[in-house]
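# Observations on chain architecture
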Amino acid sequence: MVKTLKGIAKWSFVGLILLFIYFPILFLTVNSFNQSDYIQNWTGFGWEHYAYFFNFENEPIRVVGQTMLLAVVVAFLSTLLGTFGAIGLFYAKKRTSATLNALNRIPVINADVVTAISFALLVSFIGLDKSTYIPLILGQMLLCTPFVVLSIIPKLKQMDNNLYEAALDLGATPRKALFSVIIPQILPGILTGFLLSITLSLDDYVIAAYTKPDSFTTISTHIYGLDKNNIMGAKIKAAYWAFTAIIFLIIVLVVILSNVLAYRKTRSKKR
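Residues numbered from 1 in each chain as written. Predicted model: local features only at pLDDT ≥ 70, side-chain atom pairs only at ≥ 80, totals over all residues. Heavy atoms only, no water.

## Brief notes about the packing of helix α3 (residues 59-91) against helix α6 (residues 134-158)
The geometry of α3 relative to α6 is characterised by a closest axis approach of 6 Å and an angle of 45° between their N-to-C directions. On the basis of the axis angle, α3 is oblique to α6. Along this stretch, α3 crosses α6, giving a crossing that reads as right-handed. Of the residues contributing to the contact of α3 with α6, the split by class is 18 nonpolar, 6 polar and 1 charged. (Axes fitted to C-alpha atoms, helices over the stretch in contact; angles between N-to-C directions. Helix = DSSP H or I, 4+ residues; strand = E, 2+ residues; numbered from the N terminus. Parallel < 35°, antiparallel > 145°, perpendicular 65-115°, else oblique. Left-handed = near helix turned anticlockwise from the far one by under 90°. Nonpolar A, V, L, I, M, F, W, Y, C, P; charged D, E, K, R; others polar.)

## Re the confidence of the model for the chain
Of the residues in the chain, 96% reach a pLDDT of 70 or more, and the chain-wide mean stands at 85. Per-element confidence in the chain ranges from a low mean pLDDT of 78 for helix α7 (residues 161-169) to a high of 91 for α3. (pLDDT = per-residue confidence, 0-100.)

## Quick look at the packing of aromatic side chains
Using the criterion set out here, one finds 12 aromatic pairs in the structure. Ring centres of Tyr205 and Tyr224 lie 4.9 Å apart, and the angle between their planes is 45°; this geometry places the pair in the tilted category. Remark: Tyr224 occurs in helix α11 (residues 219-225) and Tyr205 occurs in the loop between α9 (187-203) and α10 (206-211); sequence separation between them is 19 residues. A residue is classified by how much of its surface remains accessible, and Tyr224, at 62% relative accessible area, is exposed. An aromatic cluster is built from Phe33, Phe45, Trp47 and Tyr50, whose rings are joined through pairwise contacts. (Phe/Tyr/Trp six-rings, centres within 6.5 Å; stacked < 30°, edge-to-face > 60°. Buried < 20%, exposed > 50% of the residue type's maximum accessible area, 1.4 Å probe, protein only.)

## As for the nonpolar core
If you look at the biggest cluster of nonpolar residues, it comprises 18 residues, and the most contacted ones within it are Ile87, Ile152, Leu156, Ile182 and Ile186. The set of elements that each furnish at least two residues to this core consists of α3, α6, α7 and α8 (174-185). With 12 residues, the next largest nonpolar core counts Val74, Met141, Leu143 and Phe216 among its residues. (Core = buried A, V, L, I, M, F, W, Y, C linked by side-chain atoms within 4.5 Å.)

## Looking at helix α4 (residues 94-109)
Helical periodicity: at 3.6 residues per turn, an α-helix aligns residues three or four positions apart in one direction. Between the first and last C-alpha of α4 there are 22 Å, a value that for 16 residues agrees with the 22 Å anticipated at 1.5 Å per step. Those residues of α4 lying buried are Ser97, Asn104 and Pro107. The buried residues of α4 all sit within an arc of 80° when viewed along its axis, so they share a single face. Seen from the open side of α4, the exposed residues pointing more than 90 degrees away from its buried face are Lys94, Arg95, Leu103 and Ile109. Those residues of α4 that are buried are in contact with α3, α5 (112-126) and α6. (Expected span 1.5 Å × (residues − 1). Arc of directions from axis to C-beta. Contact = heavy atoms within 4.5 Å.)

## A closer look at the pattern of salt bridges
Per the counting criterion, the structure on display carries 1 salt bridge. Among the salt bridges present, the one from Glu59 reaches Arg62, with a minimum N-O distance of 3.8 Å. Pair noted here: Glu59 and Arg62 are both in helix α3, with a separation of 3 residues, about one helical turn. Here Glu59 falls in the partly exposed class, since its relative accessible area comes to 35%. Among the residues examined, Arg62 registers a relative accessible area of 42% and is labelled partly exposed. (Salt bridge = Lys/Arg side-chain N within 4 Å of Asp/Glu carboxyl O.)

In structure tokens, the structure reads:
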């Protein structure tokens, strides 16, 4: 009896935590079918927000498209730099590795606003033109690259270093051994860093606000700049509820699919 009550209490606590985390997303998902443009008023079920969002003549779909393109570019460059940075940090001498590792953690520990203002001052001092998109890309890379490094370092520590040395002994060049031995073993960390970089880029507001060109808008800067009392502002914000529901559905489907594939793979190995 006591064991059963403990089990109920444990799962109830887990359920409350999950509800606390996901309730805002579920609330927006439900309201994406609300005919009203205001979240506090439910006027009936409808698809108006989805129709407005997918209308290419309206702002939301264009803003989402250019934000996704920016995220992919930043994630690719951050992953490339972070991968080779992590490998160099891992194989560096102990003192050098410790120093570089401490420097890598500074953007992670710092508040985004501190990083953004510092980088904006550097951009102004150097004289980089924001219309070139270089400050925006470099600023978001400064945010994302340390997380890529932190994603790859554990995989490098788990790797069997004898395999790399064996590849060199068998006649492989260091470059060949790098791409044939090391990269395949740390690939899960690389993919994790890439996906994390996309998430961080999509979520970023502060760095984008300080470094983006005036003609370019990301999702976060677009939503923040909307007039709450304006009718069109309310309509555009409501359209982003539909975008939230779509992203949430995609994530749920990917998680379910990956778990099903992992379960089938485990069952096939047992056979």
